[in-house]
Amino acid sequence: MNNLFIKNFGCQMNVYDASRMAALLQDALGYRQVEEPASADLIILNTCHIREKAAEKLFSELGRLRKNVAGRPVIFAVGGCVGQAEGELIFRRAPFVSLVFGPQNYHHLPDMLRRLEREGGRILANEEPPDSKFDALPAVTTGGPVASVVVQEGCNRFCTYCVVPFTRGREWSRPVEAILAEAASLLRQGAREIQLLGQNVNAYQGIDREGIPHDLALLIQRVALLPGLERIRFVTSHPADMNDDLVAAFRDVEQLCPYLHLPIQSGSDRVLACMERGHSVADYLGWIERLRATVPDIALASDFIVGFPGETEDDFAQTLALAERVAFDHAYSFVFSPRPGTLAATMPDPVPPEVGARRLAVLQERLNAMQLAGNIARVGRLEPVLVEGVAKRGDGGEVTGKTPQGRTVNFPGDPSLVGRILEVRITEGLPNSLRGKSA
Ligand code: SAH
Ligand code: SF4
Ligand code: F3S
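Residues numbered from 1 in each chain as written. Chains lettered and ligands numbered in written order. Predicted model: local features only at pLDDT ≥ 70, side-chain atom pairs only at ≥ 80, totals over all residues. Heavy atoms only, no water.

Asker: Please set out the site of ligand 1 residue by residue, giving values where relevant.
Answerer: Around ligand 1, the structure places 15 residues, and the nearest of them are Tyr 161, Gln 199, Gln 265, Asp 303 and Ser 337. Within the side chain of Gln 265, one N or O atom sits 2.7 Å away from an oxygen atom of ligand 1. Elements that contribute at least two residues to the shell around ligand 1 include exactly β15 (299–306) and β16 (330–335). Tallied by class, the residues present in the shell around ligand 1 amount to seven nonpolar, four polar and four charged. Shared between two domains, the shell around ligand 1 takes at least three residues from each, and those domains are domain 2 (144–257) and domain 3 (290–377). (Near = heavy atom within 4 Å. Polar contact = N/O pair within 3.5 Å; in protein donor to acceptor, adjacent residues only side chain to side chain. Helix = DSSP H or I, 4+ residues; strand = E, 2+ residues; numbered from the N terminus. Nonpolar A, V, L, I, M, F, W, Y, C, P; charged D, E, K, R; others polar. Domains from an automatic or database assignment.)

Asker: Hey, could you go over helix α2 (residues 52–68) for me, with residue numbers and the actual values?
Answerer: Relative to the 24 Å expected for 17 residues at 1.5 Å per residue, α2 spans 25 Å between its end C-alpha atoms, a close match to the ideal helical length. Of all the residues in α2, the buried ones are Ala 54, Ala 55, Leu 58, Phe 59, Glu 61, Leu 62 and Leu 65. For α2, the arc enclosing every buried residue in end-on projection is 160°, short of the 170-degree limit, so these residues lie on one face. Facing away from the buried side of α2 by over 90 degrees, the exposed positions are Lys 53, Arg 64 and Lys 67. (Expected span 1.5 Å × (residues − 1). Buried < 20%, exposed > 50% of the residue type's maximum accessible area, 1.4 Å probe, protein only. Arc of directions from axis to C-beta.)

Asker: I'd like a rundown of the packing of helix α13 (residues 313–326) against helix α14 (residues 353–376), residues and numbers included.
Answerer: Relative orientation of the contacting elements α13 and α14 amounts to 10°, with a least axis distance of 10 Å. By the angle class used here, α13 and α14 are roughly parallel. Along the contact surface, α13 presents Glu 313, Phe 316, Thr 319, Leu 320, Ala 323 and Glu 324, while α14 presents Val 355, Arg 358, Arg 359, Val 362, Leu 363, Arg 366, Leu 367 and Met 370. (Axes fitted to C-alpha atoms, helices over the stretch in contact; angles between N-to-C directions. Parallel < 35°, antiparallel > 145°, perpendicular 65-115°, else oblique. Contact = heavy atoms within 4.5 Å.)

Asker: I'd love a proper account of the sheet that holds strand β10 (residues 193–197), names of residues and values included.
Answerer: Sheet strands line up and pair through hydrogen bonds in the backbone, either parallel or antiparallel. Sheet architecture is open: three strands sit in the order β7-β10-β13, paired in parallel fashion. Two strands bound the open sheet, and with one partner strand each, they are β7 (146–150) and β13 (231–235). If you compare each strand with its neighbour and ignore which way they point, the axes differ by 25° on average. As defined by bridge partners, β10 adjoins β13 across five bridges and the pair is classed as parallel. Directly across from Glu 193, in β13, lies its bridge partner Arg 231. (Pairing = 2+ DSSP bridges.)

Asker: Can you lay out the pairing of strand β1 (residues 2–8) for me, pointing to particular residues and giving the numbers?
Answerer: Here β1 runs beside strand β2 (residues 31–33); their pairing, made up of three bridges, is parallel. Considered in β2, the bridge of Asn 2 is made with Tyr 31. Following the backbone out of β1, through helix α1 (residues 12–29) and into the adjacent parallel β2, one traces a crossover that is right-handed. Bridge count for β1 against strand β3 (residues 42–47) is five bridges, and the pairing is parallel. Pairing of Ile 6 across the sheet is with Ile 44, part of β3. (Right-handed = clockwise from strand over helix to strand, strands pointing away.)

Asker: How would you explain the site of ligand 2 if you had to name every residue and give the values?
Answerer: As a structural note, the neighbourhood of ligand 2 is formed by Cys 155, Arg 157, Phe 158, Cys 159, Tyr 161, Cys 162, Val 164, Pro 165, His 238 and Arg 277. Residues belonging to the shell around ligand 2 are distributed by class as follows: seven nonpolar, one polar and two charged.

Asker: Describe the sheet that holds strand β18 (residues 398–402), listing the residues and the values that go with them.
Answerer: A barrel is described by the order of its strands in space; here five strands give the closed sequence β17-β18-β19-β21-β20, paired in mixed fashion. The sheet shows a mean angle of 50° between the axes of neighbouring strands, taken without regard to direction.

Asker: If you had to explain empty space enclosed by the protein to someone new, which residues and values would you point to?
Answerer: Under the criterion given, the structure shown has one cavity of 30 Å³ or more. Of the pockets and cavities examined, the largest cavity occupies roughly 30 Å³. Taken together, Asn 202, Asp 215, Leu 216, Ala 217, Asp 241, Asn 243 and Leu 246 form the lining of the largest cavity. (1 Å grid on protein atoms, 1.4 Å probe; cavity = no way out; pocket = protein on both sides within 12 Å on 5 of 7 lines; lining within 4 Å. Points joined across faces, edges and corners; volume = space filled by probe spheres on them.)

Asker: Give me the layout of surface pockets: which residues, what numbers.
Answerer: Of the volumes computed, that of the second largest pocket is approximately 480 Å³. If you trace the second largest pocket, you find 21 residues lining it, with Gln 104, Glu 128, Arg 168, Gly 169 and Arg 170 closest to the centre. Of all the elements in the fold, those that place two or more residues in the lining of the second largest pocket are α6 (133–136) and α7 (164–167). Its residues placed into classes, the lining of the second largest pocket shows five nonpolar, eight polar and eight charged. Residues lining the lining of the second largest pocket come from more than one domain, with at least three contributed by each of domain 1 (3–125) and domain 2 (144–257).

Structure, rendered in structure tokens:
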């Protein structure tokens, strides 16, 4: 028996890739995915390169796993964005790794593994392949009511701090019918919600069979016509790629959830310019205003970076003010991390780590307070919750799901409810979730 253990890091794109790798390896080589590394014959770390700690995590994880399987012949493989960016270096830092590959190369895993078995040695696959992984992978499978479809990959924006254009490659949109076929197959298997994924998803520009160009708004309309589809979401969007049709889609497409993740990064125009984000704070606020005018109850999420080179106390104060003004429902925030090969890594005037850490703590406290206030404001309401699974806590007597705005709700119920949309009365707003009672 061939056992496969995949440990995943990073964004939803990596989660998607990992599930497709697992299906491919099962199809081609009979690998069975296991939950624990102890019985694995092949261990794949599907990595993320977005911040420093991510790569450090990889090497400490590799060391830990190696101890865990001591004495057994296990193939160690490193895929994903660190694999792409670091290539050979990984073999040097972790010589027991025999396979390193990038996010565009994993469809060749069966061939590479056969070659390793035959010839031994090491294989590095981080060149742009001549063929697309999407054409070579077996049909998708889903385990649950929420399924993802990658619609767009890579990024051409080159924000000055970001490695994604280097790790995922150039921006590329999948053709419309390929997306529809994948989504339809997931829905036939029981998915009720489809999440359209892209590094810069609202820059989607695909064509259909007739050669008609589709932007994201049009793609959403096409997906919404698929039988069985209850909900659609999409992540992550760029403010400079917003358009009025996408705003209108929130009004016109019934299944499109009122949730938008639209990272702003900073509330200072000066910092946004240094990041080369291609929009101003006023542009951003303009979109927020139009979105809220169209869908008053829309949930808004963002990402922030503090401590970008040259960020002053005043710049940071503007970030806080912007966050307060929008009152985000949810946000991720990070201290700037210089990434190899990016422009910002060489910019002068670095912010001392302790200053960055303090700004992050201050911002996170505000963001957490906003999120809690938003959650408390839902108490008493009846919300349609798509049940995704059994809640981790609650001794099996609770299920967990999401509201259209993307808030997690835990409530008493049994596993037979998974996949159903239930009206749930919200009884409590907690920092990261809601509690409720099925109505
Ligand atoms: N494509 C998405 C998200 C990219 S990465 C977008 O453009 O919005 C997710 C988040 O990680 C970013 O939004 C940013 O907030 C953060 N991030 C990216 N590079 C970073 C860096 N070098 N240091 C700190 N945070 C970073
Ligand atoms: Fe990175 Fe900017 Fe592209 Fe997002 S838009 S992936 S932050 S380069
Ligand atoms: Fe990380 Fe690569 Fe996603 S760097 S955030 S796994 S695109």
